[in-house]
Amino acid sequence: MNESLLSGGNVIVQGITGSHGAFHTRAMVAAGTNIVAGTSPGKAGQDIDGIPVYNSIADIQADMRVDTTVIFVPAAHAKGAIIEAINAQVPLIVCITEGIPIHDMLQIKQRLKKSGSRLIGPNCPGILMPGKTKLGIIPANLSLPGTVGIVSRSGTLTYEAMASLTQRGIGQKYVIGIGGDPINGTSFTDCLELFQNDPDVDRIILIGEIGGTAEYDAADYIATHVTKPVYAYITGHYAPEGVQLGHAGAILHTLHESANAKTAYLQSSGAHTATNLVSLIDFVN
Amino acid sequence: MIERVKLLEYEAKRILKAGSIPIPKSYIPDPNEPQFLPAVIKSQVPTGGRGKAGGVVVVNTEDEYKSALGKISKLEIKGFLPKTLLAEEALAIDRELYLSLLIDKPSASIMVMANSNGGVEVEENSEDSYWKQSITGKSDFDAIGQSLADYYDLPDKTFVLQDLVEKLYHCLVTNDALLLEINPLVITKDGQVVAGDCKMELDDAAAFRHPDWDFEAEKTESNFVTLDEKGTVATVANGAGLAMATVDAVADAGLVPANFLDIGGGANEASVLAAFKRLMEYEGLKVIIINIFAGITRCDEVAKAIIAARDQMPSLPPLAVRLAGTNYEQAAELLTDHGIAIQPSLADAITAAKKEII
């Protein structure tokens with residue numbers, strides 16, 4: 001994953017005629033994104049503020065190159081939309097849709113492995129490069145161009161971190177929400193690698209959550225590969241013990257997944273940590 | 001956040017039966033007359049440990065049957081009263097094993113877990129003692145049957161176990177299950193392999209393709225959690241991450257958060273009103289912090305919802321409202337017109353909340 005991939009190129013929107021799709025297409029255009037077309041089965045020939053609507057990605061590709069797709073289709077059709085984009089060899093797929101069944105994601109991961117496409121999400125706010133391009137729903141008016149890289153599992157918490165930095169005059173090069181689902185396309189580690197290798201980025205903010213083990217992989221990567229300062233916050237310090245997955249779950253989901261355990265591990269891996277976001281942002285300042 | 005539908009044993013076993021997986025003969029007991037005896041009467045409650053709590057009783061006579069039905073139907077187990085009981089044939093048990101299929105998130109695959117020590121004592125097994133194997137393709141079942149037979153030390157059951165795992169796999173996939181746990185997997189004295197108990201959890205996100213889903217088990221609620229009944233600060237936020245972060249910040253500021261509440265992306269008048277009604281049940285409540293960061297949500301819609309809800313609830317405690325994001329300007333104007341102060345950041349909302357708590 002590199003800056004040129006995330007810059008979007010020719011961007012399309014799958015589900016462009018839906019209420020979210022149309023609303024956020026306009027917001028993306030306003031933020032500087034080059035949206036060339038959209039899909040909505042059976043609605044070819046319509047347009048959204050002059051952006052042409054097609055029935056399928058293949059139909060768009062007959063007319064122009066597609067570098068990125070942003071997906072807003074409902075959960076019941078999201079697997080089909082992602083697989084369509086993989087089959088069309090779209091290099092970057094950003095899936096905003098929330099509530100995709102986990103068995104659908106298992107199948108999508110199998111297909112991704114055999115493809116050249118990168119998936120961001122699902123159930124994510126997407127990517128914002130302030131002043132350049134917006135692929136998703138991150139509110140661009142609360143960002144500021146700069147040198148911080150933000151990566152987060154949470155949608156709204158990503159905005160919170162970004163807006164807090166902006167309020168203090170600290171700008172961002174990348175704001176990336178990788179999504180809150182247990183199985184997703186792009187990991188913390190992928191984003192840390194991007195930030196470490198981009199000479200424009202001088203500080204990194206990582207926001208994790210209780211549950212799962214993705215933050216441990218991130219911490220190991222920080223310890224071994226990241227030389228830039230990392231500021232990390234894990235949300236959910238006061239969350240009661242999580243939902244149990246029967247006996248099997250109780251075995252696989254231990255205190256290891258708590259905010260305290262993850263924070264301690266990130267700290268021992270060299271990250272600066274805080275127990276709430278307000279303190280973390282004060283730290284970056 | 002995944003919403004899981006936890007099935008009761010009898011519901012899970014119906015699904016196993018439809019998948020041709022061997023289960024004990026059973027019936028839903030009629031209070032007047034047993035279908036067969038002897039039988040095991042089992043309380044159908046959505047929790048573990050019912051055997052130790054007296055919720056599983058072997059009955060041999062009609063008197064024992066009637067007395068057990070009466071007792072178990074009134075027996076509360078970890079706060080649950082059974083709506084249904086299950087009667088099963090009493091198996092002649094030789095061995096009790098553990099077998100489950102679940103979704104392993106880090107590897108994004110379906111994993112088989114086994115332990116040769118099954119039954120009620122399974123909690124004493126250490127994590128390292130489990131046999132684990134990912135299913136990566138249909139050709140894996142032969143190998144899994146062989147290695148499971150070796151692991152359980154059941155050399156004559158290779159094909160039975162292969163067939164069982166394959167059927168459980170299809171059951172997991174076709175029912176959009178997150179977990180299918182057979183514990184105990186019973187080896188009977190005459191060598192049959194039978195699912196003695198079954199715990200099954202379904203992925204509620206897939207409900208749209210299962211119009212037949214209709215279960216007694218209720219969905220676990222994950223969007224609203226009480227943290228402290230005596231808390232003074234109630235919290236409302238959108239997105240699980242922001243909702244948890246709001247609680248973290250409130251607690252770190254020395255205040256006592258009563259709850260966690262994620263009202264999600266579709267915050268509207270009805271959902272805000274419903275949230276306020278639940279929060280009003282906290283007796284020590286002094287202030288409600290609302291922390292909404294709108295991406296797909298629109299601030300003006302949330303503002304309208306807050307105003308409408310407040311107008312319908314005159315006894316609502318003070319609100320510390322922080323909105324940001326999409327359509328913020330319209331929202332700020334609406335709230336200001338209705339005399340509700342709007343805070344620029346979460347830190348400011350917490351400062352405002354502190355002033356209400358003396």
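Here the structure is a predicted model, which means the values were calculated and not measured.

Calculation criteria
Residues numbered from 1 in each chain as written. Chains lettered and ligands numbered in written order. Predicted model: local features only at pLDDT ≥ 70, side-chain atom pairs only at ≥ 80, totals over all residues. Heavy atoms only, no water. Helix = DSSP H or I, 4+ residues; strand = E, 2+ residues; numbered from the N terminus. Contact = heavy atoms within 4.5 Å. Areas by Shrake-Rupley, 256 points an atom, 1.4 Å probe, with all protein chains shown as cover. Lys, Arg positive; Asp, Glu negative; His and termini not counted. Charge placed at Lys NZ, Arg CZ, Asp CG, Glu CD. Domains from an automatic or database assignment. Buried < 20%, exposed > 50% of the residue type's maximum accessible area, 1.4 Å probe, protein only. Pairing = 2+ DSSP bridges. Right-handed = clockwise from strand over helix to strand, strands pointing away. Buried area = accessible area lost by both parts, 1.4 Å probe. Salt bridge = Lys/Arg side-chain N within 4 Å of Asp/Glu carboxyl O. Polar contact = N/O pair within 3.5 Å; in protein donor to acceptor, adjacent residues only side chain to side chain. Nonpolar A, V, L, I, M, F, W, Y, C, P; charged D, E, K, R; others polar.

1. A word on the overall build of chain A
In terms of regular secondary structure, chain A is built from 11 helices and 14 strands. When its C-alpha atoms are laid out on the principal axes, chain A stretches across 55 × 50 × 30 Å. Considering only intrachain contacts with a sequence separation of at least 6, the fraction spanning at least 24 residues in chain A is 71%. When the accessible surface of chain A is split by element, carbon and sulfur atoms take 50% of a total near 10,200 Å². Seen as two clouds, the 17 positive and the 23 negative side-chain charges of chain A have centres 3 Å apart.

2. Re the domain arrangement of chain B
Here chain B is partitioned into domain 1 (25–88), domain 2 (93–209) and domain 3 (224–356). Between the C-alpha centres of domain 2 of chain B and domain 3 of chain B the distance comes to 45 Å.

3. Some words on the pairing of strand β12 (residues 203–209) of chain A
Residues and elements named next belong to chain A. Counting buried positions over the seven residues of β12 gives six, a clear majority of the element. As paired strands, β12 and strand β13 (residues 230–235) are joined by six bridges and run parallel to one another. For Ile-207, the partnering residue across the bridge sits in β13 and is Tyr-233. In this fold, β12 hands off to helix α8 (residues 214–225), which returns the chain to β13; that crossover is right-handed.

4. So, the interface of chain A and chain B
On the side of chain B, 59 residues touch chain A, which itself brings 49 residues to the contact. Carbon and sulfur atoms supply 65% of the area that chain A and chain B bury against each other, a total of about 4,400 Å² over both sides. At the boundary of chain A and chain B, one finds two salt bridges. B:Arg209 serves as the salt-bridge partner of A:Asp104, at 2.8 Å between the closest nitrogen and oxygen. Our enumeration of links across chain A and chain B arrives at 15 residue pairs in polar contact (both at pLDDT 80 or more). Of all elements in the fold, only α2 (19–30), α4 (75–87), α5 (102–113), α6 (155–167), β13 and α9 (246–252) of chain A reach the threshold of two or more residues within the side of chain A that touches chain B. With six residues, α6(A) is the largest single contributor of residues to the side of chain A that touches chain B. Partitioned by chemical class, the residues of the side of chain A that touches chain B number 27 nonpolar, 18 polar and four charged.

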